[in-house]
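Examination of the molecular architecture
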Amino acid sequence: MATMNMIQAINSAHHNAMETNEDIVVFGEDVGYFGGVFRCTEGLQNRFGKQRVFDSPISECGIIGTAVGMAAYGLRPVVEIQFADYCYPGYDQLVSEAARLRHRSAGDFTAPLTVRMPTGGGIFGGQTHSQSPEALLTHVCGLKTVIPSNPYDAKGLLLAAIEDDDPVVFLEPKRIYNGPFEGYHDRPLTPWSKHPDGEVPETHYTIPLGKAKISRAGKDVTILAYGNMVHVALEAVKVSGIDAEVIDLRTLLPLDIDTIVASVEKTGRCIIVHEATLTSGYGAELSAQVQENCFYSLETPIQRITGWDAPYPHSQEWDYFPGPARVARALVRAMEA
Amino acid sequence: MKKTPLSLRVPEPLTRPGDAPDFSYVQIPPAGNDKKPAHNAPVSEFNDLSKGIIRVLDDAGHPQGEWQPTVSADTLITGLKAMVKTRAYDDRMMLIQRQGKTSFFMKSTGEEAISVAQAMVLKQGDMFFPTYRQAGLLITNEMIRGTGWSTFDMMCQVLSNSGDKLKGRQLPIMYSSKDAGFFSISGNLGTQYTQAVGWAMASAIKKDSKIASTFIGDGSTAESDFHAALTFASVYNPPVILNVTNNQWAISSFQGIANNPETTFAARGVGYGIPSLRVDGNDFLAVYAASEWAADRARNNFGPTIIEWVTYRSSGHSSSDDPSKYRPKDEEKAWPLGDPIDRLREHLIYLGEWSQEQHDALEKEMKEEIMALSKEAQKLGSLTDLPDLPMKCMFDDVYKDIPPHLQKQIQRIERGE
Ligand SMILES: Cc1ncc(C[n+]2csc(CCOP(=O)(O)OP(=O)(O)O)c2C)c(N)n1
Ligand SMILES: [Mg+2]
C-alpha cells in the first residue's frame, strides 16, 4: 500500500497496465515529455519509451480517430483529452465511430480504447475548463462511462476500463485530484493522504465496471452521486444530521440499478446530485429509472440538485456549484414532505 | 525477402531543460531578400515566400528590400508605444495574478509586434477573430481609434470585478469588444478560424468593403477548424487574413508536433491554393508591410492570405505553466530574431527619430500609466473581493429572453432551495 492522490493513482494504473500489456499506448496533448498538464502521465515516456507514450498534435478529432484506428489494429490506446470541455472536436469519432464499430461490423472490428478526460469545475476555470459532459456520453449506446470519486477507485476503475473490450470514457473530476473536496471553496482542502481512500496498492487490481459503492449506509434518504459530488453529498449528510445513504455510482453506464433500487426501496426517498446542468442531465435518466423501478416505494418526489442551466460562470462559480448547503436543504425537504 | 520492421517517428525538440538553447533549425535569410508580388499574383509565386522568412529590418536595424512599408516615423513611434504598453500591461496583470487577485493570466511577451502592427493596418469596421495572445489588438485600437474596450476595461475583465463588461462570466483574458473589431474569445482552440472566414464571406455576400483577420497558434493548426477554414477560404475567396502565430511552442509541445519540419505552416496555404507568406514576426516593419499587403489584397477582392509569423513565446504558456519543465532555461534570450520592441527602438534610433532616453522615459511612463490604471481597476473589486452579483445574473444572456424552465430555476433559487 502507498498513499496516493488521484493523479498518482491514475499514473500508477498506467504503469501497471503498461508493464503487463505491450499493446497499450498512451498519447494526447502534452502527455509525453511533460507528463500531462495535470501530471497524470508523468514518467511514462521515460519508462516505456516514445513509441508507446507520446505527445499528440492539438486535435481531439485526431487523438480519438487515430486511437480508433490503433484499436482496430489490435492495440489498446489510452488517450487523454486535456479537458472534457475539449472533447467536442473528437465527439464524432467517439459517437459515430468508437461506439458503433462493433455493432456495424457485427463484431468484425472493435475499438477497445480508453479516453481519459478531466471533468467538472470549481477551479475558477470559466466555461471552457469546467464542464461536466457526462450526459452527452451516457446517451451514446456502445460507450461506457466511468467516473471515480477517490484515488483507490480511480486506479481500480481505470485498470478495468483499460482491460474492457469496449470503448470507455474515463472522467476524472479535477477538483478532487488532490483531496476530497466537500464543497467549501473557502476552506483548505484535506489532502488524500488523510483519507482512507488515499491508501492505494502499488500492484494491479481492478474494480468491476457497472458496480456502485455505498459510501455511507443510511435508512432515511438515498442520495445518488458520482465523482466530486460524492464528497459534497457526504458533507450534506453531516450538516443536515439526516441518516441518508450515499451511493457512489462509480460507473454511469452500465448503471448498477440493483444497488440503487435496493436502497430506494429501503429509504423511500431519493435525491440525485450532479454538477452538470439540470435539463437532460444524467440525473434525468437516474430519476426515470428510480421512478420506473421504485414507484411504489417512493414517499416523496425525487429531487435533482445540480448545476443550474447556465454556462459555468467564472466569478459566480460558487453560485452555480451545487454545494453541501443546497444538498442538505434538499435532504430536509425530503424528510418534511 | 527480408522485412523491414517499421517504427514510428516521434519528433523531439533539439533541446530540453539542462541543454544550451539551439535554434539552428530556424533558417534565417538576410533581410530584404524577398520579392513583393502583385496582389493578384498566381499562387505559384508564393512557393518561396511561404518557405523562407520575409524580413525588412536587418540586424543593425536598417530597413532593406521591396517589403519596406511606406510608413511615417510617427506611425512607428505609435507602434512602439503600443508594444511597450502591451508589455507593461502583461507584466502588471501577471503580477496581480500572482497576488491571487485573479485566477489566471496569459502574456504575449515577444509577440507584441504582430498584434500591434496589424491593428494599425486594419480599419474601424473590420473584425479580428483573435486568440488569447493578441491583447495588443485592443490596446492599439484604444490608442489609435479610441473605440471599444479600453485597457481599463481589459483589466476589469481580468479581475472579474464590477467593471467587467462580461459580468464575470469569462475566464480572464477572454475579452470581447465588437466596437473594437475584436470578436469574443473562445477557450476552445481553433473555432475562430472558420468563423472569421464566415464573417468575411458575409462581407462579400453583402457587397461590403470590410475584411476579417483571424489568428491561430502553431499548435492549434492541428485542429480541424484550421483545415476547414482554409478549404472554405480557398473555395469562396473571401476577404480574410489567416494569421498563424508560430511562437515555437504549444504549452510543452514544440512546433514539430504540429507540423513536419520539411515544410512550414505557411506552405500549407499554398497547398490549398491560397497565397501565403512567412514573415519575421519580431520585425515590426515586416509585420506592418505583410499585413498591409494582405489587407489591400483582401479589400480589392483578390481574396484570402495566409501569414505565418515566425516568433517566440518568451513567457510561460499561462500563469499555470512552468516552461523550465520542458525547455532550456533562458531559451528566449537565444531566439535569433530578437525582441520586437528592441528592434523597432533600434530602427527608430537609426532613423534619428528616437533616443535611448526617450525610450527609457516611454517605458517608465507606460509602467506608471498601467500601474495607476490597475489601482483604479482594483477599486472595483477582484477575485478576492468579488462584486455581489445576484445569483440570477448567471441566467441572463443564456437566451435572449429567459425561457420558462430557467424562470423556474430562478424561482428555486429565490425559494432558497
Ligand atoms: C480544443 C482545445 N483543445 C485543447 C485546449 C488546451 N490548450 C489551451 S492552449 C493550448 C496550446 C495552444 O498552443 P498554440 O496553438 O501554439 O498557441 P500559443 O499558446 O502558443 O499561443 C492547449 C493545448 C484547448 N483550449 N482547446
Ligand atoms: Mg504556439
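About the cut-offs
Residues numbered from 1 in each chain as written. Chains lettered and ligands numbered in written order. Predicted model: local features only at pLDDT ≥ 70, side-chain atom pairs only at ≥ 80, totals over all residues. Heavy atoms only, no water. Helix = DSSP H or I, 4+ residues; strand = E, 2+ residues; numbered from the N terminus. Rg over C-alpha atoms; globule rule 2.2 N^0.38 Å. Buried < 20%, exposed > 50% of the residue type's maximum accessible area, 1.4 Å probe, protein only. Contact = heavy atoms within 4.5 Å. Areas by Shrake-Rupley, 256 points an atom, 1.4 Å probe, with all protein chains shown as cover. Lys, Arg positive; Asp, Glu negative; His and termini not counted. Charge placed at Lys NZ, Arg CZ, Asp CG, Glu CD. Donors = N, O, S within 2.8 Å, 3.2 Å for Na, K, Ca; no water. Domains from an automatic or database assignment. Phe/Tyr/Trp six-rings, centres within 6.5 Å; stacked < 30°, edge-to-face > 60°.

What follows deals with the overall build of chain B. Along its length, chain B carries 12 helices and 7 strands. In summary, chain B has a C-alpha radius of gyration of 22 Å against a globular reference of 22 Å for 417 residues, a match within 12%. Referenced to the eigenvectors of the C-alpha coordinate spread, the extents of chain B come out at roughly 70 × 65 × 55 Å. A buried classification covers 57% of the 417 residues belonging to chain B. Of the contacts formed within chain B by residues at least 6 apart in sequence, a portion of 74% connects residues at least 24 apart. Within the structure as shown, chain B displays about 17200 Å² of accessible surface, and the carbon and sulfur contribution to it stands at 51%. Counting 45 positive and 52 negative side-chain charges, chain B places the centres of these two groups 6 Å from one another.

As a further point, take the coordination of the magnesium ion (ligand 2). All names here are of chain B. Protein coordination at the magnesium ion (ligand 2) comes from Asp218 (OD), Asn247 (OD1) and Trp249 (O), with a distance range of 2.1 to 2.2 Å. One chain supplies every donor to the magnesium ion (ligand 2), and in sequence these donors are spaced D-x28-N-x1-W. On the criterion of sequence distance, the pair formed by Asp218 in the loop between strand 2 (212-217) and helix 6 (224-236) and Trp249 in strand 4 (residues 249-250) is long-range, its members being 31 residues apart. For Asp218, a relative accessible area of 2% translates into the label buried.

Our focus in this paragraph is the domain arrangement of chain B. Per the domain assignment, the segments making up chain B are domain 1 (43-386) and domain 2 (389-417). Between domain 1 of chain B and domain 2 of chain B, the C-alpha centre-to-centre distance is 38 Å.

Take the packing of aromatic side chains next. Residues and elements named next belong to chain A. All chains considered together, the criterion is met by 28 aromatic pairs over all chains. Taking 4.7 Å as the distance between ring centres and 15 degrees as the angle between the ring planes, the aromatic pair formed by Tyr152 and Tyr205 counts as stacked. With Tyr152 in helix 7 (residues 151-163) and Tyr205 in the loop between strand 8 (199-200) and strand 9 (213-216), this pair connects stretches of sequence that are 53 residues apart. Look at Tyr152 and you get partly exposed, because its relative accessible area is 28%. Judged by relative accessible area, which is 11%, Tyr205 ranks as buried. Ring geometry for Phe181 versus Phe321: centroids 5.8 Å apart, planes at 65 degrees, classification edge-to-face. Of this pair, Phe181 sits in the loop between strand 7 (168-173) and strand 8 while Phe321 sits in the loop between helix 11 (317-320) and helix 12 (324-336), placing them 140 residues apart in sequence. Since its relative accessible area comes to 3%, Phe181 is described here as buried. Clustering of aromatic rings is evident, with ring pairs tying together Phe38, Phe83, Tyr86 and Tyr177.

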